[in-house]
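Coordinate inspection notes
Chain by chain, the residues:
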There are 2 protein chains.
Amino acid sequence: MSLAPAHRLDVALGERSYPIHIGPGLTARGDLIREHLAGRQVMIVTNTVVAPLYLDALKASLGEGLDIREVILDDGEQTKHMASIGLIWDALLEAGFNRRCTLIALGGGVIGDMTGFAAACYQRGAAFIQVPTTLLSQVDSSVGGKTGVNHPRGKNMLGAFWQPRLVLIDTASLKTLPQRELSAGMAEVIKYGLLWDESFLSWLEDNMTALMALDETLLGEAIRRSCAIKADVVAQDETEQGVRALLNLGHTFGHAIETDQGYGVWLHGEAVGTGMLMAAELSARMGWLSSADVERVSHIIAKAGLPLAAPEDMGVEDFLKHMQLDKKNVDGRLRLILLERIGRAVITEEAPAGVLADMLEHWPRSSR
Amino acid sequence: MSLAPAHRLDVALGERSYPIHIGPGLTARGDLIREHLAGRQVMIVTNTVVAPLYLDALKASLGEGLDIREVILDDGEQTKHMASIGLIWDALLEAGFNRRCTLIALGGGVIGDMTGFAAACYQRGAAFIQVPTTLLSQVDSSVGGKTGVNHPRGKNMLGAFWQPRLVLIDTASLKTLPQRELSAGMAEVIKYGLLWDESFLSWLEDNMTALMALDETLLGEAIRRSCAIKADVVAQDETEQGVRALLNLGHTFGHAIETDQGYGVWLHGEAVGTGMLMAAELSARMGWLSSADVERVSHIIAKAGLPLAAPEDMGVEDFLKHMQLDKKNVDGRLRLILLERIGRAVITEEAPAGVLADMLEHWPRSSR
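Reading guide: rules and limits
- Residues numbered from 1 in each chain as written.
- Chains lettered and ligands numbered in written order.
- Predicted model: local features only at pLDDT ≥ 70, side-chain atom pairs only at ≥ 80, totals over all residues.
- Heavy atoms only, no water.
- Helix = DSSP H or I, 4+ residues; strand = E, 2+ residues; numbered from the N terminus.
- Rg over C-alpha atoms; globule rule 2.2 N^0.38 Å.
- Buried < 20%, exposed > 50% of the residue type's maximum accessible area, 1.4 Å probe, protein only.
- Contact = heavy atoms within 4.5 Å.
- Areas by Shrake-Rupley, 256 points an atom, 1.4 Å probe, with all protein chains shown as cover.
- Lys, Arg positive; Asp, Glu negative; His and termini not counted.
- Charge placed at Lys NZ, Arg CZ, Asp CG, Glu CD.
- Buried area = accessible area lost by both parts, 1.4 Å probe.
- Salt bridge = Lys/Arg side-chain N within 4 Å of Asp/Glu carboxyl O.
- Polar contact = N/O pair within 3.5 Å; in protein donor to acceptor, adjacent residues only side chain to side chain.
- UniProt positions renumbered as here; feature names shortened; annotations may be inferred.
- Domains from an automatic or database assignment.
- Core = buried A, V, L, I, M, F, W, Y, C linked by side-chain atoms within 4.5 Å.
- Least-squares fit on C-alpha atoms with pLDDT ≥ 70 in both.
- Axes fitted to C-alpha atoms, helices over the stretch in contact; angles between N-to-C directions.
- Parallel < 35°, antiparallel > 145°, perpendicular 65-115°, else oblique.
- Left-handed = near helix turned anticlockwise from the far one by under 90°.
- Nonpolar A, V, L, I, M, F, W, Y, C, P; charged D, E, K, R; others polar.
- Pairing = 2+ DSSP bridges.

Turning our eyes to something else, we now look at the overall build of chain A. Helix and strand counts for chain A come out as 13 helices and 13 strands. Here the C-alpha radius of gyration of chain A, 20 Å, is about what a compact globule of 368 residues would show, namely 21 Å. Reported as C-alpha extents along the three principal axes, the dimensions of chain A are approximately 60 × 40 × 40 Å. Taken across its 368 residues, chain A has 64% of its residues classed as buried. Intrachain contacts of chain A at a sequence separation of at least 6 include 76% that bridge at least 24 residues. Accessible area for chain A stands at about 12,700 Å²; split by element, carbon and sulfur atoms hold 50% of it. Side chains of chain A give 34 positive and 46 negative charges; the mean places of these two sets differ by 5 Å.

Dropping the structure here:
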């Protein structure tokens, strides 16, 4: 193949470092994948939506001499539980695959998170490669090694830090992505601007209309800048002892919505979109953001087609109950990611319970 | 408390380093544990046999100000599966415990392996502490961070490398250990001499009768020397890319026996005892050991009360089928740990299939 990747980034993690390739048509670049395989045993994990679109092309591009098997799971966040991990493990053992096999995640964030977790715990750690096919997984979940599944009591409660050996982002796969999922992914893109880089946020404000219309060059640039910020943060703090927690902007509120409504009812990115606006509003009530800042956040979230209101049937207590189980909390104290200013997030335990409860009580609600 | 630990060793793994304390009465030394807790949330995982003996004493020694919960699982290798891990996770989530909680494994190797695995995957990694109560877990499984559970298709197929923060070995707990489990643990003690240190093997030959009669001073010394060898090997090769594989001497044959017979029918140490003798015999057929060497191995294994014969109903094909799935294999090629000489193990793919099959065919069988 003669297609060159348009961008290459590296996640600097010592002996666990790996490249991210970003460009159109990279699913056809099996050569980029082959050099990262641990051995000749390969298990592709995908789902019923992605398989008909890309599975054959990926297998063909991997070439000869490999023992390639596949697991095709159902689609959606509601499949992200231990039973699906069990199906992957069963397939690996049925194939007689050993520790030097390689798992390839072909799909969105759910497939990537589950494949990574299955790899992390297969014979105490097998290699895995991310081929993310949704905007959300391309800019967020495929990079950084967070893997896991949900538990009925909380999102991503079970999992491991397990880095991929390669992230291969084919931007052409966004052409087949439903608009709702494009919006969901854009929430995480906006997140990087809000928490880390005000100039990126301005760039997104200028280009959001073209991005939502799938301008390929601009999308490639948005993905590159998002991955660069994520790679930078992860290299500084792989296992979230400090700065990496900032990437959870909007996620404490968002996870509460997802868990409360039932996994898959709200897309993860949709919940994060609303959650970021809630974080901005709480930041304003702490005196850190101006009303104009909050307006700015609200405007770009709406422009990306994301919901602003919380679910109609979710009371203050529903929010607080789920937020109490957040992984960032220490000894039961609630920790939140808020905005000190646009482009600078902070982790804090300072938000007074009364201010939080008042904000939650007065937040607009709507049905979806 | 005024009891001082009789021995202290350190496992040198950079920021994952941790101490091993060995001595009589250490279950009462909650102060040694408290300094290694991640926060005030503590989950003790134990089983129905160990709980009545040591759980109250351990809880009392931990002192005030902690939120201590417990999970009491059934006893035995047949409980070492994902469903038990699910019970631990459920208990953690029901308690509302966050990522800064600490799991304490109070029990033998099964409890330690499961607690470590549950901790490794709880919210992507919680702290854990090993308080091993059997000889086998004290000299082997509590040190080194191998955690996991069995799958119907193979032993320890699912798991993670996850280091404890502390290993606290109370040698007084061996007084309540059934003789059969003492023998099983002694198999791993003998293993260290065979694979690493001929002088330790000679010492064991001189003292085996007294050790099996529970001489406290000698047992403490045997545990210290075993842990020192293990800590040394693990520090050189945490994730078994090389030298650590040598610790699997006898395990490829042993795991085949355990898997074939059904988990818990043979104790792990019993299967390893027989497996080490099989490895010695195959080493002799490769021309590496003399008949006198094999006789020496056979003699000390018998003296420790371990079985020499393989299960009556296990054919050559049964062995090969299970051995094919061994985690050490690469791309389907069988790798074995054999003895170049007494005190020096090697990893090899060189054993000819015919020689292996002939050895397996002529190996003595008996019912248990």
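Glancing now at the interface of chain B and chain A. Contact residues are listed per partner, giving 41 residues for chain B and 41 residues for chain A. Summed over both sides, the interface between chain B and chain A buries roughly 3,700 Å², with carbon and sulfur atoms accounting for 52% of that surface. Viewed at the interface, chain A and chain B are joined by 4 salt bridges. Among the salt bridges present, the one from B:Glu94 reaches A:Arg153, with a minimum N-O distance of 3.9 Å. Linking chain B with chain A are 10 residue pairs in polar contact (both at pLDDT 80 or more). At the level of elements, helix H3 (82-94), helix H4 (109-121), strand S7 (146-151) and strand S8 (154-161) of chain B are the ones that each hand at least two residues to the side of chain B that touches chain A.

This paragraph deals with the side chain of A:Ser137. Residue and element names in this part refer to chain A. Locating Ser 137 in the fold gives a position in helix H5 (residues 135-141). Judged by relative accessible area, which is 1%, Ser 137 ranks as buried. Beyond its immediate sequence surroundings of up to four residues, Ser 137 is in contact with Gly 107, Gly 108, Gly 109, Pro 132 and Ser 142.

Once that is clear, we can look at the UniProt feature "domain: 3-dehydroquinate synthase C-terminal" (unreviewed entry) in chain A. Mapped onto this structure's residue numbering, the UniProt feature "domain: 3-dehydroquinate synthase C-terminal" (unreviewed entry) falls at residues 185-329 of chain A. Structurally, residues 185-329 of chain A is divided into 68% helix and 1% strand, and its ends, taken at the C-alpha atoms, are 26 Å apart.

Glancing now at the domain arrangement of chain A. Residue and element names in this part refer to chain A. Each domain of chain A was delimited in the assignment, giving domain 1 (7-176) and domain 2 (179-366). When each unit is reduced to the centre of its C-alpha atoms, the spacing between domain 1 and domain 2 is 26 Å. Contacts between the two partners involve 37 residues from domain 1 and, on the opposite side, 37 residues from domain 2. Applying the counting criterion to the domain 1 and domain 2 interface returns 6 salt bridges. Here Lys 146 makes a salt bridge to Glu 240, at a shortest N to O gap of 2.4 Å.

Attention now goes to the nonpolar core. Ranked by size, the top nonpolar core spans 77 residues in total, and within it A:Ile20, A:Met186, A:Ile190, A:Leu194, A:Leu204, A:Phe253 and A:Phe319 carry the most contacts. Top contributing element to this core by residue count: helix H8 (residues 216-236) of chain A, with 9 residues. Each of domain 1 (7-176) and domain 2 (179-366) of chain A contributes no fewer than three residues to this core. Residues contacting A:Leu194, with those up to four places away along its chain left out, are A:Leu201, A:Leu249, A:Met276, A:Val297, A:Leu339, A:Arg341, A:Ile342, A:Gly343 and A:Arg344. Core analysis: the second largest hydrophobic core is formed by 76 residues, B:Ala231, B:Leu249, B:Val294 and B:Val316 among them.

Moving on to the side chain of B:Gln163. Residues and elements named next belong to chain B. Assignment of secondary structure puts Gln 163 in the loop between S8 and strand S9 (167-170). For Gln 163, the side chain forms a polar contact with the main-chain oxygen of Gly 144, separated by 2.9 Å. For Gln 163, the side chain forms a polar contact with the side chain of Glu 238, separated by 3.1 Å. Leaving out residues up to four positions away in the same chain, Gln 163 has contacts with Leu 13, Arg 16, Tyr 18, Phe 128, Gly 144, Gly 145, Val 234 and Glu 238.

Overlaying chain B with chain A gives an RMSD of 0.0 Å, the required rotation being 180° about an axis along which the chain moves by 0.0 Å. As the rotation angle and translation indicate, the two copies are arranged about a two-fold axis. Of the interface residues in chain B, 100% have counterparts in chain A that sit at the interface too, so the contact is made through matching surfaces.

Using the criterion set out here, one finds 50 salt bridges over all chains in the structure. In this structure, the salt-bridge partner of B:Glu221 is B:Arg224, at a minimum N-O distance of 3.0 Å. Of this pair, B:Glu221 and B:Arg224 both sit in helix H8 (residues 216-236), separated by 3 residues, roughly a single helical turn. In this structure B:Glu221 comes out as partly exposed when scored by relative accessible area, which is 21%. Shared partners join several salt bridges into a network, and the residues in it are A:Asp140, A:Glu188, A:Lys191 and A:Lys230.

This next bit is on the packing of helix H7 (residues 198-212) of chain A against helix H11 (residues 291-303) of chain A. All names here are of chain A. Close contact between H7 and H11 brings their axes to 10 Å; oriented N to C, the two are set at 30°. In terms of orientation, H7 lies roughly parallel with respect to H11. Note that H7 runs across H11; the crossing there is left-handed. Taken together, the residues of H11 that come into contact with H7 (itself represented by Glu 198, Leu 201, Ser 202, Leu 204, Glu 205, Met 208, Thr 209 and Met 212) are Arg 296, Ile 300 and Lys 303. Residue composition of the contact of H7 with H11, grouped by class: 5 nonpolar, 2 polar and 4 charged.

What follows deals with the pairing of strand S11 (residues 336-341) of chain B. Residue and element names in this part refer to chain B. Pairing geometry for S11 and strand S12 (residues 344-348), over 5 bridges, is antiparallel. Bridging across to S12, Arg 341 finds its partner in Arg 344. Between S11 and the antiparallel strand that follows it, S12, lie 2 residues; Gly 343 among them carries a positive phi value of about 95°.

The next subject is the environment of B:Ile44. Of note, B:Ile44 is situated in strand S3 (residues 41-47). Residues within four places of B:Ile44 in sequence aside, it is in contact with B:Leu55, B:Leu58, B:Lys59, B:Leu62, B:Ile68, B:Arg69, B:Glu70, B:Val71, B:Ile104 and B:Leu106.

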